[in-house]
Amino acid sequence: MLKKFFLLSIIPTVLTGCVTAISPKNLQAIKKENCITLTEKISWKERRGMAGLGWEEGVAEGIYKAEFEDKKGVFYRGKGRPVSSRVFNVSEPSKKTTTLIYQGGIWLPRNPLEKPRMYYYSENESFTTDNIHNSALSNQNVSAVNAGVGSGIGFAIVEAMAHVSKGDIVFLPEIKDSNFISKIINVEKCQK
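What you see is a predicted model; the values in this text were computed from it and never measured. (Residues numbered from 1 in each chain as written. Predicted model: local features only at pLDDT ≥ 70, side-chain atom pairs only at ≥ 80, totals over all residues. Heavy atoms only, no water.)

Student: Any chance you could explain helix 3 (residues 178-185) here in plain terms?
Tutor: Helical geometry: 3.6 residues make up each α-helical turn, so side chains three or four residues apart lie on a common side. All of the buried residues in helix 3 are Phe180, Ile181 and Ile184. For helix 3, the angular spread of the buried residues around the axis is 100 degrees, confining them to a single face. Among the exposed residues of helix 3, those oriented more than 90 degrees off its buried face are Ser178 and Asn179. In this fold, the buried residues of helix 3 make contact with strand 4 (42-48), strand 5 (53-59), strand 10 (104-109) and strand 11 (117-121). Between the side-chain oxygen at the start of helix 3 and the backbone nitrogen of Asn179 there is a gap of 3.0 Å, and the oxygen is on Asp177. (Buried < 20%, exposed > 50% of the residue type's maximum accessible area, 1.4 Å probe, protein only. Helix = DSSP H or I, 4+ residues; strand = E, 2+ residues; numbered from the N terminus. Arc of directions from axis to C-beta. Contact = heavy atoms within 4.5 Å. Polar contact = N/O pair within 3.5 Å; in protein donor to acceptor, adjacent residues only side chain to side chain.)

In structure tokens form, the structure reads like this:
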């Protein structure tokens, strides 16, 4: 039990070590309607941090509309809360854990040598697959204890990111999985 509490207590530190926030006010709005379509949910897993925790991050299937751009690329936002992130015990990867879900999407670089990134919008509270019933991911059943722990983790993350303002765009860690990157780079362009 003590080990679980130790692991939960370091999550905000692991997550917020290199947080870069961008205010949408500092980006250019997209003038020409543009979108991409993901035909399936895609995710990737890796081990991170000193504790070697497993992380899975992904984006839901759906249409992602271009909303902003910067000098290096375009921000495509999905409907609802399409960005997901969960932490799991590597020795028990299939054990049910709480998944945090965010408003956000995919940033695609103009330079083909750069990697795409997932991003989310900073909020004052956390949302999980357990407390958002209209989410595409909400068909998972979790105990009240797990839901409480997940919400607590989310709240701790938000508190640890106090220097990030509500509504700022925050990038998730760099994607290292070449399969995931390939699926995002080769995503379908919407027919308009």
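Student: Looking at this model, I keep getting lost on the packing of aromatic side chains. Mind explaining?
Tutor: Between two aromatic rings, the relevant description is the distance of the centres plus the angle of the planes. Taken as a whole, this structure holds 5 aromatic pairs when the rule is applied. Three or more aromatic residues joined by ring pairs form one cluster here, namely Phe75, Trp107, Tyr119, Tyr121 and Phe171. Its guanidinium or amino end placed over the ring of Phe88, Lys45 lies 5.6 Å from that ring's centre, counting from NZ or CZ. Against the face of Tyr121 rests Arg77, its NZ or CZ located 4.2 Å from the ring centre. (Phe/Tyr/Trp six-rings, centres within 6.5 Å; stacked < 30°, edge-to-face > 60°. Lys NZ or Arg CZ within 6 Å of the ring centre and 35° of its normal.)

Student: Can you help me understand the environment of Phe88 in this one?
Tutor: Positionally, Phe88 belongs in strand 8 (residues 83-88). The exposure class of Phe88 is buried, given its relative accessible area of 6%. For the pair Phe88 and Thr99, spaced 11 residues apart in sequence, the C-alpha to C-alpha distance is 9.7 Å. Beyond its immediate chain neighbours, meaning those up to four positions away, Phe88 contacts Lys45, Leu53, Gly54, Trp55, Glu56, Pro93 and Thr97.

Student: Looking at this model, I keep getting lost on the state of the cysteines. Mind explaining?
Tutor: The bond known as a disulfide is covalent and runs between the sulfur atoms of two cysteines. Under the definition given, this model contains 1 disulfide. For Cys35, the disulfide goes to Cys190, at an S-S distance of 2.1 Å. Here the disulfide of Cys35 and Cys190 is left-handed, its torsion about the S-S bond being about -140 degrees. Taken together, the positions of Cys35 in strand 3 (residues 35-38) and Cys190 in the segment after strand 13 (188-189) put the pair 155 residues apart, joining distant regions of the chain. The pair formed by Cys35 and Cys190 is uniform in burial state, with each residue classed as buried. (Disulfide = S-S within 2.5 Å.)

Student: Looking at this structure, I do not really get the pairing of strand 5. What am I missing?
Tutor: Along a regular strand, successive side chains alternate from one face of the sheet to the other. Most of strand 5 is tucked away, with 7 of its 7 residues classed as buried. Residues of strand 5 alternate between two faces, with Leu53, Trp55, Glu57 and Val59 on one and Gly54, Glu56 and Gly58 on the opposite face, all of them buried. As defined by bridge partners, strand 4 adjoins strand 5 across 7 bridges and the pair is classed as antiparallel. Across the sheet, Lys45 pairs through a bridge with Glu56, a residue of strand 5. Strand direction decides the pairing type here: strand 5 and strand 8, joined by 6 bridges, are antiparallel. Within strand 8, the position partnered with Trp55 by the bridge is Val87. (Pairing = 2+ DSSP bridges.)

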